[in-house]
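# Chains, contacts and geometry: an overview
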Amino acid sequence: MIDVQEVGRTFTIRRRTGLLRRERRVVHAVQNLSFTVRAGEFVGYLGPNGAGKSTTIKMLTGILAPSSGRIQVAGLDPARRRTALARRIGVVFGQRTTLWWDLPLRDSFELIRHLYKVDRVAFRRRLDELTELLTLGEFLRTPVRQLSLGQRMRGDITAALLHDPRVLVLDEPTIGLDVVSKAAMRGFLRKLNAERGTTVLLTTHDMGDIEKLCDRVMLIDNGRLAFEGGIDDLRATAPEETSIEDVVARLYARGAPAAGQRQARGQ
Amino acid sequence: MVRTYALLAWTWMRASAQYPVSLALLTLGSLAVNALDILAIWVIFSHTTTLGGFALPEVMFLYGTAGVSFAVADMLFGNVDRLSTHIRSGGFDIMLIRPAAAFLQMAVDRFNVQRFGRITQAAVVLGLALAGLEVPWSRAWMIPVMIVCGVVIFASIFAIAGATQFLLINAPEVANAFTYGGSSLTQYPLTVYGSELVRAVTFVVPLAFVNWQPALLVLGRDDPLGLPHWLRYASPLAAVALATVAMLAWRAGIRRYRSTGS
Ligand SMILES: Nc1ncnc2c1ncn2[C@@H]1O[C@H](COP(=O)(O)OP(=O)(O)OP(=O)(O)O)[C@@H](O)[C@H]1O
Ligand SMILES: [Mg+2]
């Protein structure tokens, strides 16, 4: 469903260092990254800050074109077929909303129905189902700007799923949620994956998300894949009785062994 | 495309109606500005008899056609040159994950009622000019053609101005020089400028095709600068050429898009 082959993405940063002198620095946000996610899988994408998670997600959704390598998502090359891909995948960014700030939720959804060309009956059914599952009913008439973070997040998830995508990509969907909302969100994603077979790829800094949700974990560090395997394999990298937080912390501290020596970014 | 644009425009207008007081004030403000604009033009034109060898109604014709073209382009696509703001805020990322052309979403973003206002003033001037001109039908057909071509040319300039911001995120002012500068330039007979500049806006940035060249046909005038006669039919060609350049520039920009670090 998602196929990433030897993908790299660099950012060239130009900075003034003197009156005429300018420094050019190349940041390798992602380098030589390969992985696949099969249909129906629930995969967690981990990594310390600045590891390249969001950059990967942006390449998978067609926002950024890769500098090298090949990507296929739902059978399409994201950068080339961006709008076609948009109809097949759902995307949620925890940090920013895709909803229209001043419109009631309901109107945002209605607009999404038009943009994604979802037929009216399917839309109704889907919206009822989602509002029920995410207990969003009482907020449908509220303008998005008046919603709390958790409420808005549920709105965003609904928006991403109205067109019934086969793949759902989430960048930190549980950021800033309270314990109850987090549990509800996890329950919902679990169910979505189990019952509808939606493929899910999610990035998070919350190990609870990983433990409770993911079949498989990929860990990226310095733009390179540092670990890939099931939760049990992940645990097995540390002595027994270590909490999952500590297991991951150990891996973060170790750098990217799979990619050979750790390489400083920005050279 | 048109449906999506209309739908999004309607959505944005409804969104702005969420703040009724501010909407009312902004609309009143834009009405006042337009009224003042019309007054200012009246003052200018009431003291003018000829400009650059053109009589008053002819000058008003040039002003009106360029004005209408620019106002329509600005209403529909003017927001595109604010791209850098959307890139920095991360809003452009969101446009890229929706199944509609990013250019269209960018163009329609924050569409509001006030955007219609800018057209009235230019339309009034054009109407007065036409009343004073009595253009025969054998030449009047060019008027709608030139307005449409003008819209396409200005829209293309907006698109190119937007596309440059993929590279120069901090330099939207440079872009403004071309869009608003171009509109001011075309408001008056090009004869008031030097012939070097006229050649430049004919062959480099094809602004002369917004109104100058086709207006020579409509007004039945010889080209004061002696450029070839066929140029006055060439507006559609210039419009298509510039639109192609704009499309390529925009595409190239999106390919080079870098998003933001967070
Ligand atoms: N638009 C950009 N311009 C320059 N550098 C960028 C850009 N986007 C990302 N980077 C750099 O690429 C690297 C990876 O960033 P990315 O946002 O993918 O990290 P992340 O894994 O999502 O981190 P976090 O957990 O903090 O969200 C960072 O070093 C960042 O500075
Ligand atoms: Mg990130």
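Just above sits the structure.
A brief structural summary.

Parameters and conventions
- Residues numbered from 1 in each chain as written.
- Chains lettered and ligands numbered in written order.
- Predicted model: local features only at pLDDT ≥ 70, side-chain atom pairs only at ≥ 80, totals over all residues.
- Heavy atoms only, no water.
- Contact = heavy atoms within 4.5 Å.
- Buried area = accessible area lost by both parts, 1.4 Å probe.
- Salt bridge = Lys/Arg side-chain N within 4 Å of Asp/Glu carboxyl O.
- Polar contact = N/O pair within 3.5 Å; in protein donor to acceptor, adjacent residues only side chain to side chain.
- Helix = DSSP H or I, 4+ residues; strand = E, 2+ residues; numbered from the N terminus.
- Nonpolar A, V, L, I, M, F, W, Y, C, P; charged D, E, K, R; others polar.
- Pairing = 2+ DSSP bridges.
- Axes fitted to C-alpha atoms, helices over the stretch in contact; angles between N-to-C directions.
- Parallel < 35°, antiparallel > 145°, perpendicular 65-115°, else oblique.
- Left-handed = near helix turned anticlockwise from the far one by under 90°.
- Buried < 20%, exposed > 50% of the residue type's maximum accessible area, 1.4 Å probe, protein only.
- Near = heavy atom within 4 Å.
- Areas by Shrake-Rupley, 256 points an atom, 1.4 Å probe, with all protein chains shown as cover.
- Expected span 1.5 Å × (residues − 1).
- Arc of directions from axis to C-beta.

### A few points about the interface of chain B and chain A
Between chain B and chain A, the residue contacts involve 28 residues of the former and 29 residues of the latter. Buried surface at the junction of chain B and chain A, both sides included, amounts to about 2,700 Å², of which 60% is carbon and sulfur. A per-residue breakdown of the area chain B buries against chain A is headed by Ile97, Pro99 and Arg258 of chain B, which together make up 26% of the total. Of the charged contacts, one joins Arg14 of chain B and Asp107 of chain A as a salt bridge, the two residues approaching to 3.2 Å between their closest N and O atoms. Scanning the region where chain B abuts chain A turns up six residue pairs in polar contact (both at pLDDT 80 or more). At the level of elements, helix 1 (2-16), helix 5 (91-96) and helix 13 (235-255) of chain B are the ones that each hand at least two residues to the side of chain B that touches chain A. Looking at which element gives the most residues to the side of chain B that touches chain A, the answer is helix 1 of chain B, with eight residues. Here the side of chain B that touches chain A is built from residues that sort into 14 nonpolar, eight polar and six charged.

### Some points on the sheet that holds strand 1 (residues 2-16) of chain A
All names here are of chain A. Pairing within the open sheet is antiparallel, and its three strands lie in the order 2-1-4. Each edge of the open sheet is held by one strand with a lone partner, namely strand 2 (22-37) and strand 4 (68-73). Within this sheet the neighbouring strands show an average axis-to-axis angle of 30 degrees, counted without direction. Sheet contacts for helix 1 (residues 53-60): strand 1, strand 2 and strand 4; angle to strand 1, the most-contacted strand, approximately 115 degrees.

### A closer look at the packing of helix 4 (residues 120-133) of chain A against helix 6 (residues 179-196) of chain A
Residue and element names in this part refer to chain A. Where helix 4 contacts helix 6, the two axes come as close as 11 Å, and the packing angle between them is 140 degrees. Regarding the angle of helix 4 to helix 6, the classification is oblique. The interaxial crossing formed by helix 4 with helix 6 has right-handed handedness. In contact with Arg126, Glu129, Leu130 and Leu133 of helix 4, helix 6 contributes Phe188, Lys191, Leu192 and Arg196. Looking at the contact of helix 4 with helix 6 residue by residue, the class counts come to four nonpolar, no polar and four charged.

### With respect to helix 3 (residues 105-115) of chain A
Residues of helix 3 of chain A that are buried include every one of Leu105, Ser108, Phe109, Leu111, Ile112, Arg113 and Leu115 of chain A, and no others. Where helix 3 of chain A is buried, its residues meet helix 4 and helix 5 (149-161) of chain A together with helix 1 of chain B. In the segment just after helix 3 of chain A, Lys117 of chain A is the residue with positive phi, at about 50 degrees.

### Observations concerning the site of ligand 1
As a matter of local geometry, ligand 1 sits amid 17 residues, with Gly50, Lys53, Ser54 and Thr55 of chain A together with Arg258 of chain B nearest to it. Here an oxygen atom of ligand 1 sits 2.7 Å away from a polar atom, N or O, in the side chain of Ser54 of chain A. One of the side-chain N or O atoms of Glu172 of chain A is found 3.5 Å from an oxygen atom in ligand 1. With the chains in place, 82% of the 630 Å² that ligand 1 exposes on its own is no longer accessible.

### Here we look at helix 6 of chain A
All names here are of chain A. Taking 1.5 Å as the rise per residue, helix 6 with 18 residues should run 26 Å; its terminal C-alpha atoms sit 25 Å apart, in good agreement. All buried positions along helix 6 are accounted for by Ser181, Lys182, Met185, Arg186, Phe188, Leu189, Leu192 and Asn193. Taken end-on, helix 6 shows its buried residues confined to a sector of 160 degrees, consistent with a single buried face. Facing away from the buried side of helix 6 by over 90 degrees, the exposed positions are Val179, Val180, Ala194 and Glu195. Each element contacted by the buried residues of helix 6 is listed here: strand 3 (42-46), helix 4, helix 5, strand 6 (167-171), strand 7 (199-203) and helix 7 (207-213). At the N-terminal end of helix 6, a side-chain oxygen is found 2.9 Å from the backbone nitrogen of Val180, two or three residues along, and the residue is Asp178. Remark: Gly197 follows helix 6 within two positions and exhibits a positive phi of approximately 70 degrees.

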